[in-house]
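Topology and contacts: notes
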Amino acid sequence: MTKNVYILYISLSGNTHNFVQRLTNHLKEQGIIVHSLNVKDNFNFRKLEHPFITILPAFLDGGNGRQNGCHEILSPILSHWLGYADNYHRCYGIIGSGNRNFNRQFALTAKQYARRFKFPYLTDFELRGSEQDVQRIANLIVEKSTEAE
Ligand SMILES: Cc1cc2nc3c(=O)[nH]c(=O)nc-3n(C[C@H](O)[C@H](O)[C@H](O)COP(=O)(O)O)c2cc1C
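Here goes a summary of the coordinates provided. (Residues numbered from 1 in each chain as written. Predicted model: local features only at pLDDT ≥ 70, side-chain atom pairs only at ≥ 80, totals over all residues. Heavy atoms only, no water.)

1. Details of the site of the ligand
Spelled out, the test is: Summary of the distance rule: residues count as near a molecule or strand when at least one heavy atom falls within 4 Å of that molecule or strand. Contacts described as polar in this section are N or O atom pairs within 3.5 Å, which, within protein, must combine one atom able to donate a hydrogen with one able to accept it, while residues neighboring in sequence count only if both atoms come from side chains. Only the protein chains shown count as cover for residues, with accessible areas throughout obtained via the Shrake-Rupley method and a probe of 1.4 Å. Note that Gly is not counted as nonpolar here; it falls among the polar residues with everything else outside the nonpolar set of Ala, Val, Leu, Ile, Met, Phe, Trp, Tyr, Cys and Pro and the charged set of Asp, Glu, Lys and Arg.
Within the structure, the ligand sits among 17 residues, and Ser 11, Leu 12, Ser 13, Thr 16 and Ala 58 are positioned closest to it. Separating a nitrogen atom of the ligand from a backbone N or O atom of Leu 60 is a distance of 3.3 Å. Asn 99 has a polar backbone atom sitting 3.0 Å from an oxygen atom of the ligand. Its free accessible area being 650 Å², the ligand has 83% of it covered by the protein chains. Across the shell around the ligand, the residue classes break down as nine nonpolar, eight polar and no charged.

2. Looking at the sheet that holds strand E1 (residues 3-9)
Selection rule: The pairing criterion is simple: DSSP has to find at least two bridges between the two strands. Numbering of helices and strands starts at the N terminus; helices are DSSP runs of H or I of at least 4 residues and strands are runs of E of at least 2. What counts as an axis is a line fitted to C-alpha atoms, over the stretch in contact for a helix, and the angles between N-to-C directions run from 0 to 180 degrees.
Ordered in space as E2-E1-E3-E4-E5, the five strands form an open sheet in which the pairing is parallel. Two strands lie at the open edges of the sheet, namely strand E2 (32-38) and strand E5 (121-126), each paired on one side alone. On average, each strand axis in the sheet is inclined to that of its neighbour by 25°, with strand direction left out of account. Judged from the five bridges that link them, strand E4 (residues 91-98) and E5 form a sheet pairing that is parallel. Bridging across to E5, Gly 98 finds its partner in Glu 126.

3. Here we look at helix H4 (residues 131-148)
The following threshold applies: To estimate how far a helix should extend, the number of its residues minus one is multiplied by 1.5 Å. Any residue under 20% of the maximum accessible area for its type is buried, any over 50% is exposed, and the rest in between are partly exposed; the area is computed with a 1.4 Å probe on protein chains only. Contacts: residue pairs with any heavy atoms within 4.5 Å of one another.
In this model H4 runs 25 Å from its N-terminal to its C-terminal C-alpha over 18 residues, within 8% of the 26 Å that 1.5 Å per residue would give. Considered for burial, the residues of H4 that qualify are Asp 133, Val 134, Ile 137, Ala 138, Leu 140, Ile 141 and Ser 145. Lining the buried residues of H4 we find E1, helix H1 (15-28), strand E3 (52-57), E4 and E5.

4. Focus: the packing of helix H2 (residues 76-83) against helix H3 (residues 108-117)
Two quantities define a packed helix pair, namely the angle between the helix axes and the distance between the axes. Cut-off, in case you're wondering: Geometric relationships in this document are graded by angle, where less than 35 degrees denotes roughly parallel, more than 145 denotes roughly antiparallel, 65 to 115 denotes roughly perpendicular, and other angles denote oblique. Note on convention: the crossing is left-handed when the near helix lies turned anticlockwise from the far helix by less than a right angle, right-handed when the turn is clockwise.
Relative to each other, H2 and H3 sit at 25°, their axes nearing to 12 Å. Looking at the two axes, H2 sits roughly parallel to H3. Taken as a pair, H2 and H3 cross one another with a handedness that is right-handed. On H3, the residues that touch Pro 76, Leu 78, Ser 79, Leu 82 and Gly 83 of H2 are Tyr 113, Arg 116 and Phe 117. In terms of residue class, the contact of H2 with H3 is built from five nonpolar, two polar and one charged.

5. A word on the side chain of Ser 97
Looking at the element boundaries, Ser 97 is found in strand E4. Sequence-distant contacts of Ser 97, that is, excluding residues within four places in its chain, are made with Thr 16, Leu 56, Pro 57, Ala 58, Phe 106, Ala 107 and Phe 125.

6. What about the packing of aromatic side chains?
Just so we agree on the cut-off: When two rings of Phe, Tyr or Trp (its six-membered ring) have centres within 6.5 Å they constitute a pair, described as stacked for plane angles under 30 degrees, edge-to-face for angles over 60, and tilted for the intermediate range.
In this structure the tally under the stated criterion is seven aromatic pairs. Ring plane angle 45° and centroid distance 5.4 Å describe the contact between Tyr 88 and Phe 117, whose orientation is recorded as tilted. Note that Tyr 88 is positioned in the loop between H2 and E4 and Phe 117 in helix H3, a separation of 29 residues in sequence. Judged by relative accessible area, Tyr 88 falls into the partly exposed class, the value being 24%. What makes Phe 117 buried here is its relative accessible area of 11%. Ring pairing ties together the aromatic residues Phe 43, Phe 45, Trp 81 and Tyr 84, which thus form one cluster.

7. Some thoughts on the pairing of E4
The cut-off we apply is this: Crossovers are marked right-handed if the path from the first strand over the helix to the second runs clockwise, as seen with the strands pointing away from the viewer.
With eight of its eight residues buried, E4 lies for the most part within the structure. In this structure, E3 lies alongside E4, joined through five bridges in parallel fashion. The residue of E4 that forms the bridge with Ile 55 is Ile 95. Read as a crossover between parallel neighbours, the route from E4 over H3 to E5 is right-handed.

Shape descriptors only; they carry no functional weight alone.
Written out as structure tokens, the structure is:
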């Protein structure tokens, strides 16, 4: 039987989209079909029927990620998707991304979502991710999706 994997993500400037495309191609070689949804500017909220994974790059206001710079900007639409029809109940983990130049703020938004929605923070990658990241995260998603089925 064909295995399917579902990914909810947001990509504003294309890095995460590029990563998801490479991940999709990599998993396709293993006979796994990826169904992904980029929620950038997508206000057509709906119930997500299948268990899914979320990928979220960080967009925070200026600061250090401790006393300040903890406030999400640009990506709150993803939290609306997760809240809609209790979609977050079917999310079995979140993967963060960002730019390591942001130091403590690196991938912080996904960590905040994990605490807020109570799903596990699985791992992270930087910008478009390396080929090693694609392989590593593909393996992780296969493992976690199998557990969630
Ligand atoms: C306004 C703005 C704020 C950002 N804030 C953070 C941040 O707090 N932490 C971080 O790791 N990366 C931060 N980034 C970097 C993005 O997360 C990174 O470029 C990511 O790959 C963007 O994904 P996308 O191209 O799929 O939209 C920020 C980028 C912008 C434009």
